[in-house]
Amino acid sequence: QVQLVESGGGLVQPGGSLRLSCAASGIIFSSVVMAWYRQAPGKQREVVAVIGSYGTASYAGSVRGRFTISRDNAKNTLYLQMDSLKPEDTAVYYCKATQRQDYWGQGTQVTVSS
């Protein structure tokens, strides 16, 4: 059974930082593409960053230069370092694993507000 568990969300002031984690089990983590998505209230879910099994990363234009996606294959864990946070980054953040099909975590809330 595949499980993805996100953590690290919370309330942060504009300009602050957060680090999200996604612990994976039930998949061959080192061989799957992993991604972070987010969904703000009233908006569609959108991709934030994607990382391949070898560590090649790509980013949405709105977060490039501020967010960094990474993975630790030894710990079966995906990360998203978020710096210079803006109010428009407020959303529920989800991790996704793709191994023959897509698997999603339950999400973690990130709120950027003063």
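Before any of the text, the structure's been laid out above.
Predicted model only: the values in this text are computed from it and were never measured.

Enquirer: How would you explain the nonpolar core if you had to name every residue and give the values?
Expert: For soluble globular proteins, the rule of thumb is that nonpolar side chains tend to be buried together. Ranked by internal contacts, the top residues of the largest apolar core, which has 28 residues, are M34, W36, L78, L80, M82 and Y93. For this core, the secondary-structure elements that each account for two or more residues are β3 (18-25), β4 (33-39), β5 (46-51), β7 (67-72), β8 (77-82), β9 (91-99) and β11 (108-112).

Enquirer: Which residues make up the pattern of salt bridges, and what values go with them?
Expert: The tally for this structure, following the rule as stated, stands at 4 salt bridges. The partner of D89 in a salt bridge is R38, and the shortest N-O contact between them spans 2.9 Å. Residue D89 is found in the loop between β8 and β9, and its partner R38 is found in strand β4; the two are separated by 51 residues along the sequence. The exposure class assigned to D89 is buried, which follows from its relative accessible area of 1%. A residue is classified by how much of its surface remains accessible, and R38, at 6% relative accessible area, is buried. Between D102 and K96 there is a salt bridge; the shortest N-O distance is 3.8 Å. Taking the relative accessible area as the measure of exposure, D102 reaches 38% and is therefore partly exposed.

How each quantity is defined
- Residues numbered from 1 in each chain as written.
- Predicted model: local features only at pLDDT ≥ 70, side-chain atom pairs only at ≥ 80, totals over all residues.
- Heavy atoms only, no water.
- Core = buried A, V, L, I, M, F, W, Y, C linked by side-chain atoms within 4.5 Å.
- Buried < 20%, exposed > 50% of the residue type's maximum accessible area, 1.4 Å probe, protein only.
- Helix = DSSP H or I, 4+ residues; strand = E, 2+ residues; numbered from the N terminus.
- Salt bridge = Lys/Arg side-chain N within 4 Å of Asp/Glu carboxyl O.

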